[in-house]
Amino acid sequence: MARDGPPPQPTALRILRGNPSKRPLPKNEAQPRNGIPPCPRHIQGEARKEWRRTSRELAACGLLTSVDRAALAAYCQAWARWVQAEDVLRKAGVLVKTPNGMLVQSPILAVANRAMDQMRAFLVEFGMTPAARTRIQVQAPKEEGDPLDQLRELDLRKN
């Protein structure tokens, strides 16, 4: 059964955005550990480089938890696929000649565009686009305690 309206926002993002809807925050939401999850072994090459770069930035903002591993891995794989497709397109071009001499769009262009669409979806989920960032106000998490608890305390003080 389909749900109406926009998809639900993670509580951490709602708190970082100042809970704009002013609806009550969930009290018994699962609270995974903050931090950088281990990089999956199958993530290699360009995807692993993107994992290292992105995971550090997201963790520094308090937006990465132990259960975000699969979503981050999928983003990094889409990134690597996009980079590889763009390299092929740079060398071969976006048009290819068919056996009968017609010029058509390279199938690699479809691969690059699909990878870009997948990346964009994950970028928004993690708050890594300019538009998504405008809705997030980040304070660096303190070293001790759970950063989400600290964010809840800040939200309670506002109300």
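Conventions adopted
- The numbers attached to residues start from 1 for each chain and follow its sequence in the written order.
- In keeping with the predicted nature of the model, local features appear solely for residues at pLDDT of at least 70, side-chain atom pairs appear and are counted solely at 80 or more, and the whole-chain, interface and lining totals rest on all residues.
- Values shown for side chains rest on all heavy atoms present in the structure; no hydrogens or waters enter the calculation.
- Salt bridges are defined as contacts in which a side-chain nitrogen from Lys or Arg sits within 4 Å of a carboxyl oxygen from Asp or Glu.
- The numbering of helices and of strands both runs from the N terminus, where a helix is a DSSP run of H or I of at least 4 residues and a strand a run of E of at least 2.
- Burial classes follow relative accessibility: with a 1.4 Å probe on protein chains only, a residue under 20% of its type's maximum area counts as buried, one over 50% as exposed, and anything between as partly exposed.
- Side-chain atoms within 4.5 Å are what join buried Ala, Val, Leu, Ile, Met, Phe, Trp, Tyr and Cys residues into a set we call a nonpolar core.
- Contacts are residue-level and defined by heavy atoms, with any inter-residue pair within 4.5 Å sufficient.
- Aromatic pairs are defined between Phe, Tyr and Trp rings, using the six-membered ring for Trp, whenever the two ring centres lie within 6.5 Å; interplanar angles under 30 degrees are classed as stacked, those over 60 as edge-to-face, and all others as tilted.
- Take the residue count of a helix, subtract one, and multiply by 1.5 Å to get its expected span.
- In this description, the arc belongs to the directions extending from the helix axis to the C-beta atoms.
- Throughout, an axis means a line fitted to C-alpha atoms (over the contacting stretch in the case of helices), and angles, computed between N-to-C directions, take values from 0 to 180 degrees.
- Note on terminology: angles under 35 degrees are roughly parallel, angles over 145 are roughly antiparallel, angles of 65 to 115 are roughly perpendicular, and the others are oblique.
- Each helix crossing is assigned a hand: it is left-handed if the near helix lies turned anticlockwise from the far helix by less than a right angle, otherwise right-handed if that turn is clockwise.
- Only Asp, Glu, Lys and Arg are considered charged in this grouping, and only Ala, Val, Leu, Ile, Met, Phe, Trp, Tyr, Cys and Pro are considered nonpolar; every other residue, Gly among them, is considered polar.
- Like charges within 9 Å and nonpolar side chains (Val, Leu, Ile, Met, Phe, Trp, Tyr) within 5 Å are joined into patches, using only residues over 30% in relative accessible area that form no salt bridge.
- In short, Shrake-Rupley with a 1.4 Å probe defines the accessible areas, and a residue's cover is counted only from the protein chains shown.

Visitor: Would you take a moment to explain the pattern of salt bridges for this structure?
Guide: Charged atoms that come close allow side chains of opposite charge to pair. One pass over the full model with this rule turns up three salt bridges. Between Arg120 and Asp117 there is a salt bridge, with the nearest N and O atoms lying 3.1 Å from each other. Of this pair, Arg120 and Asp117 both sit in helix α4 (residues 107-125), three residues apart, which is roughly one turn of the helix. Its relative accessible area of 45% is what places Arg120 among the partly exposed residues. Here Asp117 falls in the partly exposed class, since its relative accessible area comes to 39%.

Visitor: Help me understand the nonpolar core, please; the structure alone is not making it clear to me.
Guide: In summary, soluble globular proteins display a tendency toward joint burial of nonpolar side chains. Core analysis: the biggest nonpolar cluster contains 18 residues, and Trp51, Leu58, Leu72, Tyr75 and Cys76 have the highest contact counts within it. Counting only elements with at least two residues in this core, the list comes to α1 (11-16), α2 (45-60), α3 (69-92) and α4. Setting aside its immediate chain neighbours within four residues, Cys76 contacts Ala47, Glu50 and Trp51.

Visitor: Explanation requested: the packing of aromatic side chains in the structure shown.
Guide: By convention here, two paired aromatic rings are described through the distance between centres and the angle between planes. In total, this model carries one aromatic pair according to the counting rule given. Consider the rings of Trp79 and Trp82, whose centres lie 5.5 Å apart with planes at 55 degrees: the pair is tilted. Separated by three residues within a single helix, Trp79 and Trp82 lie in helix α3, roughly one turn from each other.

Visitor: What exactly am I supposed to notice about α4 here?
Guide: Owing to its 3.6 residues per turn, the α-helix brings residues three or four apart onto one side. The end-to-end C-alpha distance of α4, which contains 19 residues, comes to 28 Å, matching closely the 27 Å that a straight helix rising 1.5 Å per residue would cover. When we look at burial in α4, the residues that qualify are Leu109, Ala112, Ala115, Met119 and Leu123. Along the axis of α4, the buried positions cluster into a sector of 125 degrees, meaning they face one direction only. α4 presents Pro107, Arg114 and Glu125 as exposed residues on the side facing more than 90 degrees away from its buried surface. Buried residues along α4 sit against α3 and β2 (103-105).

Visitor: Sorry, what's going on with the packing of α3 against α4 here?
Guide: The description of two helices packed together rests on the angle between their axes and the distance between the axes. α4 packs onto α3 with a crossing angle of 150 degrees between their chain directions and a minimal axis gap of 8 Å. In terms of orientation, α3 lies roughly antiparallel with respect to α4. Crossing of α3 against α4: the hand is left-handed. Judged by residue contacts, Ala71, Ala74, Tyr75, Ala78, Trp79, Arg81, Trp82, Ala85, Glu86, Val88 and Leu89 of α3 engage Ile108, Leu109, Val111, Ala112, Ala115, Met116, Gln118, Met119, Phe122 and Leu123 from α4. When its residues are assigned to classes, the contact of α3 with α4 shows 18 nonpolar, one polar and two charged.

Visitor: I keep staring at α3 and nothing clicks. Help me out?
Guide: Compared with the 34 Å implied by 1.5 Å per residue over 24 residues, the 34 Å span of α3 between its first and last C-alpha is a close match. Those residues of α3 lying buried are Leu72, Ala73, Tyr75, Cys76, Ala78, Ala80, Val83, Ala85 and Leu89. Looking at the buried residues of α3, the elements they touch are α2 and α4. Two residues or fewer after α3 comes Gly93, characterised by a positive phi angle close to 90 degrees.

Visitor: Hey, could you run me through a nonpolar patch on the surface in this one?
Guide: Together, Val94, Leu95 and Leu103 make up an exposed nonpolar region whose accessible area comes to about 280 Å². For Leu95, the location among the structural elements is in strand β1 (residues 95-97).

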